[in-house]
Amino acid sequence: MNTWFFYRTLCCLSIMSFAFVSITVNAEEVELGKTAPPPSYAKSAELFGLLINDLSQEEFEKHLRSMGMSPYPSYQAGKANYSLGDKGILGIRQISVHYNNYNFVERIELHGMVENVKQRSSLGNLLFKKYGPPMAGFVKDGFGRAQWRFADGTLVELHNTTYEVSISYRDLIPKRKSVSGEINVQALKDRL
């Protein structure tokens, strides 16, 4: 009978020790899950390290010049075009920038024929990692049509379902220069 009692006690202790180890491991996993920070996504549309919200033409063009880019003629008022070279950035070779009447960015479009599937996938994945899940549309394996809207009035759109790829950055409420409300009497006098 002592052997039976000893065997039974040993089994119970083994089961209890296994349960204790299991509970300890699960508690550590739960604690680790709590300490891991949530993914951090950009809170505003940005391109080449510049925030799109209230971005002036002067500031944007200065930044592009520092990157070695200069515009080529577009023959449209308020629009500038840039080339990103033969290889481009992940296959995107052109940038079109539209400014409002006050010389602030309204829209920046990156576009081009991207035949390399890995580059196309990388474009969508890059935006997904930067901005998180889209507000509208989808991005699956880097491909899709998606839209990210931000509280500051900016928007990013991805069109990546065919070889013709475009990424659009927009300031939905671009800055405008305010009118002072003062009348320049001298300028009026000179006109007469």
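A. Main features of the overall build of the chain. On a plain count of helices and strands, the chain comes out with four helices and nine strands. The order of α-helices and β-strands along the chain, N terminus first, is α-β-β-α-β-β-β-α-β-β-β-β-α. The proportion of buried residues among the 192 residues of the chain is 31%. For the chain, the share of sequence-separated contacts (at least 6 apart) that also reach a separation of at least 24 residues comes to 41%. Accessible surface, the chain as shown: approximately 13,400 Å² in total, 58% of it carbon and sulfur.

B. Looking closely at the sheet that holds strand E9 (residues 164-171). The antiparallel open sheet is built from seven strands, whose spatial order is E3-E4-E5-E9-E8-E7-E6. Strands at the two margins of the open sheet, each flanked by one partner only, are strand E3 (79-83) and strand E6 (136-137). Pairing geometry for strand E7 (residues 144-149) and strand E8 (residues 154-160), over six bridges, is antiparallel. Bridging from a neighbouring strand, Gly-144 pairs with Asn-160 of E8.

C. Looking closely at the confidence of the model for the chain. On average, the chain scores 80 in pLDDT, and the residues at 70 or more come to 72%. Per-element averaging of pLDDT across the chain places helix H1 (residues 2-35) at the bottom with 45 and E7 at the top with 97. The low-confidence segment residues 9-30, where pLDDT is below 50, has zero contacts with residues more than four positions distant or belonging to other chains.

D. Representation of the pattern of salt bridges within the structure. A complete count under the given rule lists three salt bridges for this structure. Of the charged contacts in the structure, one is a salt bridge between Lys-130 and Glu-46, with a shortest N-O distance of 3.4 Å. Here Lys-130, found in helix H3 (residues 117-131), pairs with Glu-46, found in strand E1 (residues 46-47); they are 84 residues apart in sequence, far enough to count as distant. Assessed through its relative accessible area of 24%, Glu-46 is described here as partly exposed. One salt bridge connects Glu-157 with Arg-170, and the closest N-O pair in it is separated by 3.6 Å.

E. How the structure looks around the nonpolar core. If you look at the biggest cluster of nonpolar residues, it comprises 31 residues, and the most contacted ones within it are Phe-60, Ile-108, Trp-148, Val-156 and Tyr-169. Put simply, the parts of the chain that give this core at least two residues each are helix H2 (57-66), E3, strand E4 (94-99), strand E5 (105-113), H3, E7, E8 and E9. With near-sequence residues (within four places) excluded, Ile-108 lies in contact with Leu-47, Ile-52, Phe-60, Ile-95, Ser-96, Val-97, Ile-167, Ser-168 and Tyr-169.

F. A look at H3. Here H3 spans 22 Å end to end across 15 residues, near enough to the 21 Å set by a 1.5 Å rise per residue. Those residues of H3 not exposed but buried are Arg-120, Ser-121, Leu-123, Gly-124, Leu-127 and Tyr-131. End-on view of H3: buried residues confined to an arc of 150°, all on one side of the axis. Of the residues in H3, the exposed ones pointing more than 90 degrees away from the buried face are Lys-118, Leu-126 and Lys-129. On its buried side, H3 packs onto E1, E7, E8 and E9. If you check the start of H3, you find a side-chain oxygen 2.9 Å away from the backbone N of Lys-118, and it comes from Asn-116.

G. Structural view of a nonpolar patch on the surface. Where nonpolar side chains cluster on the molecular surface, the patch consists of Ile-89, Leu-90 and Leu-126 and spans about 240 Å² of accessible area. Within the secondary structure, Leu-126 sits in helix H3.

H. Molecular detail of the side chain of Glu-61. Checked against the element boundaries, Glu-61 lands in helix H2. Salt bridges are absent for the buried Glu-61, whose nearest opposite-charge side chain, Arg-65, sits at 4.5 Å. With sequence-adjacent residues up to four places away left out, Glu-61 is seen in contact with Tyr-82 and Tyr-99.

I. Expanded view of the packing of aromatic side chains. Here the structure, examined in full by the defined rule, presents two aromatic pairs. Ring centres of Tyr-131 and Trp-148 lie 6.0 Å apart, and the angle between their planes is 45°; this geometry places the pair in the tilted category. Here Tyr-131 is found in helix H3, whereas its partner Trp-148 is found in strand E7, with 17 residues between them in sequence. Classification of Tyr-131 by relative accessible area gives buried; the value is 4%. On the basis of an interplanar angle of 55° and a centroid distance of 5.3 Å, the ring pair of Tyr-131 and Phe-150 is categorised as tilted. Of this pair, Tyr-131 sits in helix H3 while Phe-150 sits in the loop between E7 and E8, and the two are 19 residues apart along the sequence. Across the pair, Phe-150 and Tyr-131 agree in class, each one buried. Within the aromatic cluster, the residues linked to one another by ring pairs are Tyr-131, Trp-148 and Phe-150.

Rules used in this analysis
Residues numbered from 1 in each chain as written. Predicted model: local features only at pLDDT ≥ 70, side-chain atom pairs only at ≥ 80, totals over all residues. Heavy atoms only, no water. Helix = DSSP H or I, 4+ residues; strand = E, 2+ residues; numbered from the N terminus. Buried < 20%, exposed > 50% of the residue type's maximum accessible area, 1.4 Å probe, protein only. Contact = heavy atoms within 4.5 Å. Areas by Shrake-Rupley, 256 points an atom, 1.4 Å probe, with all protein chains shown as cover. Pairing = 2+ DSSP bridges. pLDDT = per-residue confidence, 0-100. Salt bridge = Lys/Arg side-chain N within 4 Å of Asp/Glu carboxyl O. Core = buried A, V, L, I, M, F, W, Y, C linked by side-chain atoms within 4.5 Å. Expected span 1.5 Å × (residues − 1). Arc of directions from axis to C-beta. Polar contact = N/O pair within 3.5 Å; in protein donor to acceptor, adjacent residues only side chain to side chain. Patch = residues over 30% accessible without salt bridge, like charges linked within 9 Å, V, L, I, M, F, W, Y side chains within 5 Å. Lys, Arg positive; Asp, Glu negative; His and termini not counted. Phe/Tyr/Trp six-rings, centres within 6.5 Å; stacked < 30°, edge-to-face > 60°.

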